[in-house]
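# Summary of structural features
Okay, here's what each chain looks like letter by letter:
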Amino acid sequence: MSDKNLQLSVAVKAVQQAAKLTQSVRKKLVMGHSIEKDDRSPVTIADFGAQAIILHHLFQAFPEIPAVGEEDAKLLRENQELLDLLMSFIKDLEPSLTPELVCDLIDRGNHSGGGKESFWALDPIDGTKGFLRNDQYAIALALIEAGKPSLGVLGCPELPRLDNEETGCLFAAAVGIPPRQIFNDSEATTHPLKISETRNPAEAIFCESVESGHSSHSASSNIAQFLGTASEPVRMDSQCKYAAVARGQADLYLRLPTRKGYEEKIWDHAAGAFLVEASGGKVTDIYGKTLDFSLGRTLKNNSGVVASNGAFHSDVINAIGKTFSVGV
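Residues numbered from 1 in each chain as written. Predicted model: local features only at pLDDT ≥ 70, side-chain atom pairs only at ≥ 80, totals over all residues. Heavy atoms only, no water.

Each pair of packed helices can be summarised by the angle the axes make with each other and by the distance between the axes. Contact geometry for helix α4 (residues 80-90) and helix α5 (residues 99-107): axes closest at 10 Å, N-to-C directions at 95°. Classified by the interaxial angle, the pair formed by α4 and α5 is roughly perpendicular. Facing α4, whose interface residues are L83, L86, M87 and I90, α5 presents P99, V102 and C103. In the contact of α4 with α5, the residues fall into seven nonpolar, no polar and no charged. (Axes fitted to C-alpha atoms, helices over the stretch in contact; angles between N-to-C directions. Helix = DSSP H or I, 4+ residues; strand = E, 2+ residues; numbered from the N terminus. Parallel < 35°, antiparallel > 145°, perpendicular 65-115°, else oblique. Contact = heavy atoms within 4.5 Å. Nonpolar A, V, L, I, M, F, W, Y, C, P; charged D, E, K, R; others polar.)

So, in structure tokens, the structure goes:
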């Protein structure tokens with residue numbers, strides 16, 4: 001098996017195991033329970049557990065490749081009750097993991113990123129509010145090599161399949177390996193990924209964040225008017241929006257700046273952006289610049305994100321320029 005095939009196989013397995021944990025946490029701690037506004041303990045457990053499980057699989061197979069993860073274990077080390085609860089979900093999936101090892105694994109996601117060194121970029125739970133309201137969330141894993149994603153896996157446990165009413169999709173691709181959807185934890189049950197064939201921007205279906213604090217809804221509305229798009233935006237949490245574009249369910253994903261100086265985190269975009277481009281689409285920032293993953297843990301040289309099927313990407317960038325008066 002080639003290195004890239006092996007890397008993708010391990011990454012897929014790791015995300016599948018993490019998805020099982022997150023779904024178990026949701027079933028036991030979220031579904032049917034009244035969650036207080038400030039109670040983030042269920043998603044905290046899912047975050048920590050997913051990161052520990054994924055890094056366990058990755059470091060077993062590729063101990064030489066560091067990882068940039070969103071979480072650290074400081075809170076767990078200070079809260080034995082939280083750690084005990086986490087272990088109750090981990091023990092059935094990964095019985096070899098001890099509490100100490102779980103904390104150590106989580107903290108191994110402390111790499112600074114950047115440069116020419118290869119590293120994993122992981123968001124164990126992307127879409128925390130979606131997770132807590134029993135809506136969309138994603139487990140996002142990418143491999144960055146020479147400042148660019150070369151592999152992407154998105155686990156979307158609540159995303160409906162397009163061919164039936166079942167939920168649960170995993171999207172995977174790597175350099176030299178065509179993008180595909182995997183269902184039912186089986187590599188044998190797959191479908192290829194392909195972007196939409198929409199060519200007229202007026203007919204475009206676009207998606208954006210549920211939270212207006214993540215992406216400007218008013219600016220999106222103005223851009224839609226410039227493009228002549230009449231359809232209402234599909235609002236969805238997490239990198240599931242990238243998946244929607246990659247599989248042709250949507251034509252465009254806009255993440256528009258809401259405050260000056262904000263730097264997007266690399267783990268929020270690496271896997272999804274790679275999958276869209278591997279499926280034939282195009283991903284840039286709002287100025288049409290390629291996303292630069294070589295500068296550490298953030299996309300500090302980029303502003304916002306535009307992911308499309310590529311057919312009218314320049315039209316979208318021009319419309320954004322008119323909306324933000326950036327002179328693109």
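In this section: the state of the cysteines. If you walk through the whole model with that rule in mind, you get zero disulfides. Here C169 is not disulfide-linked; the sulfur of C156 is the nearest cysteine sulfur, at 6.9 Å. Exposure remark for C169: the relative accessible area of 4% places this residue in the buried category. (Disulfide = S-S within 2.5 Å. Buried < 20%, exposed > 50% of the residue type's maximum accessible area, 1.4 Å probe, protein only.)

Right, let's talk about the pairing of strand β10 (residues 252-255) for a bit. Here β10 shows no split at all, with L252 and L254 on one side and Y253 and R255 on the other all buried. Sheet topology places strand β8 (residues 206-208) next to β10; two bridges connect them, and they run parallel. Bridging across to β10, F206 finds its partner in L252. Examined bridge by bridge, β10 and strand β12 (residues 305-308) share four bridges and lie antiparallel to one another. Paired with R255 across the strands is V305, a residue of β12. (Pairing = 2+ DSSP bridges.)

Scored by pLDDT, the protein has a mean of 90; 91% of the residues are at 70 or more. Scored below 50 in pLDDT, residues 34-38 makes three contacts in the model with residues more than four places away or belonging to other chains. (pLDDT = per-residue confidence, 0-100.)

The next thing to look at is the environment of V12. Position of V12 among the secondary structure elements: in helix α1 (residues 3-30). What makes V12 buried here is its relative accessible area of 1%. Residues V12 and D268, 256 residues apart in the sequence, show an inter-C-alpha distance of 18 Å.

Evaluated as defined, the whole model comprises three aromatic pairs. Taking the centre distance of 5.0 Å and the plane angle of 80° together, the rings of F131 and Y137 count as edge-to-face. This pair shows no difference in class: F131 is buried, exactly as Y137 is. Ring plane angle 85° and centroid distance 4.9 Å describe the contact between Y242 and Y253, whose orientation is recorded as edge-to-face. Of this pair, Y242 sits in helix α8 (residues 240-246) while Y253 sits in strand β10, and the two are 11 residues apart along the sequence. (Phe/Tyr/Trp six-rings, centres within 6.5 Å; stacked < 30°, edge-to-face > 60°.)

So, on to the pairing of strand β3 (residues 138-145). Looking along a regular strand, one sees the side chains alternate between the two faces of the sheet. Counting buried positions along β3 yields seven of eight residues, so the element is predominantly enclosed. Sheet analysis places strand β2 (residues 119-126) next to β3, joined by six bridges and oriented antiparallel. Along β3, the bridge assignment pairs F119 with I144. In the sheet, β3 pairs with strand β4 (residues 148-160) via seven bridges, with the strands oriented antiparallel. Within β4, the position partnered with I139 by the bridge is G155. Hairpin connection from β3 to β4: two residues lie between these consecutive antiparallel strands, with A146 at a positive phi of about 55°.

With that out of the way, let us pick up the environment of P66. Relative to the assigned elements, P66 resides in the loop between α2 (41-61) and β1 (67-69). P66 gets classed as buried once you look at its relative accessible area, which sits at 17%. Separated by 49 residues in the primary sequence, P66 and Q17 have C-alpha atoms spaced 20 Å apart.

Our next topic: helix α9 (residues 270-278). Along α9, seven of the nine residues are buried, which leaves the element largely enclosed by surrounding structure. Of all the residues in α9, the buried ones are A270, A271, G272, A273, F274, L275 and V276. Where α9 is buried, its residues touch β3, β4, β5 (167-174), α8, β11 (282-284) and β12.

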